[in-house]
Amino acid sequence: MAHKDYVARGRGKKAAPPPPKPSLPWLRIIITLTLVAGFGYFLWSIKGTAPDDTTTKVVTPEQATKQENALPEIPEEEWEFIKTLPEYTVEIDHKEQDQPTVRRLIQCGSFRTNGQAQELKAKIAFQGLEAQVRPSQGSTGKWYRVILGPYDSKRGAEKDRHTLQRAKINGCKIWNWNL
């Protein structure tokens with residue numbers, strides 16, 4: 001075991017003397033007590049100066065029923081729109097929307113092995129959607145694509161994609177149907 005060199009370590013720093021304790025703020029204490037005493041004297045001096053208006057009025061039962069019956073009648077309200085609204089018609093010019101000829105699909109993944117594609121298809125099936133696994137031959141070999149669709153509108157495809165996103169199945173893209 002190596003010996004320790006206690007001399008080279010040096011001496012520890014001396015502790016600084018504690019700071020002096022601040023004296024009590026006598027001036028603030030005296031001012032605060034003076035203000036509290038002045039406020040107390042002010043309240044004591046205005047104690048009996050309020051006007052004395054504590055008269056009570058006694059109401060007999062006959063007067064109470066007379067007051068209840070003394071309410072004015074509610075005026076009958078006449079609304080103009082009740083009469084004019086049934087006669088009012090609105091003409092709307094609209095043209096039929098053309099149905100899009102482009103069909104859509106959602107591709108959620110492309111895998112090298114069929115097992116991985118089937119696993120994603122099962123996760124999608126738990127969300128109530130029907131997916132398909134389509135093999136495709138690419139320049140780098142065989143791929144298994146997991147797709148949903150076809151969809152007639154992009155809105156329907158977006159709806160299903162949001163359902164998949166809520167289930168934490170991310171990365172699904174909407175493409176034009178080209179199969």
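Note: the structure precedes this text.
Residues numbered from 1 in each chain as written. Predicted model: local features only at pLDDT ≥ 70, side-chain atom pairs only at ≥ 80, totals over all residues. Heavy atoms only, no water.

*Asks:* When you look at the state of the cysteines in this model, what are you seeing that I'm missing?
*Replies:* Should the sulfur atoms of two cysteines be covalently bonded, the bond is a disulfide. If you walk through the whole model with that rule in mind, you get one disulfide. Linked covalently through their sulfurs, C108 and C172 form a disulfide whose S-S length is 2.3 Å. On the sign convention where negative is left-handed, the bridge of C108 and C172, at about 115° about the S-S bond, is right-handed. Placement of C108 in strand β1 (residues 104-111) and of C172 in the loop between α6 (154-166) and β4 (173-176) is noted, with a sequence separation of 64 residues between them. Judged by relative accessible area, C108 falls into the buried class, the value being 8%. In this structure C172 comes out as buried when scored by relative accessible area, which is 5%. (Disulfide = S-S within 2.5 Å. Helix = DSSP H or I, 4+ residues; strand = E, 2+ residues; numbered from the N terminus. Buried < 20%, exposed > 50% of the residue type's maximum accessible area, 1.4 Å probe, protein only.)

*Asks:* Teacher, can you tell me more about the pairing of strand β2 (residues 131-138) here?
*Replies:* Across a regular strand the side chains alternate sides, sitting on one face of the sheet and then on the other. Here β2 pairs with strand β3 (residues 141-151) via eight bridges, running antiparallel. By the bridge assignment for β3, Q137 is matched with K142. Counted along the chain from β2 to the antiparallel partner β3, the turn is two residues long. (Pairing = 2+ DSSP bridges.)

*Asks:* Help me understand α6, please; the structure alone is not making it clear to me.
*Replies:* Three or four residues apart is the spacing at which side chains of an α-helix point the same way, because the helix has 3.6 residues per turn. Taking 1.5 Å per residue, 13 residues should reach 18 Å; α6 reaches 18 Å between its end C-alpha atoms and fits that length. When α6 is considered as a whole, its buried residues turn out to be A157, D160, T163 and L164. Looking down the long axis of α6, one finds its buried residues gathered within 120° of arc, a one-sided arrangement. Exposed side of α6, more than 90 degrees from the buried face: R155, K159 and R166 are the residues found there. (Expected span 1.5 Å × (residues − 1). Arc of directions from axis to C-beta.)

*Asks:* Where do I start with the nonpolar core in this structure?
*Replies:* Buried together is how nonpolar side chains tend to be arranged in soluble globular proteins. Core analysis: the biggest nonpolar cluster contains 16 residues, and I106, C108, I124, V146, L148 and L164 have the highest contact counts within it. Those elements that provide at least two residues to this core are β1, α5 (114-125), β2, β3 and α6. With four residues, β3 is the largest single contributor of residues to this core. Each residue touching V146, except ones within four places of it in the same chain, is listed here: I106, Q107, C108, G109, F111, A117, L120, K121, I124, A131, Q132 and V133. (Core = buried A, V, L, I, M, F, W, Y, C linked by side-chain atoms within 4.5 Å. Contact = heavy atoms within 4.5 Å.)

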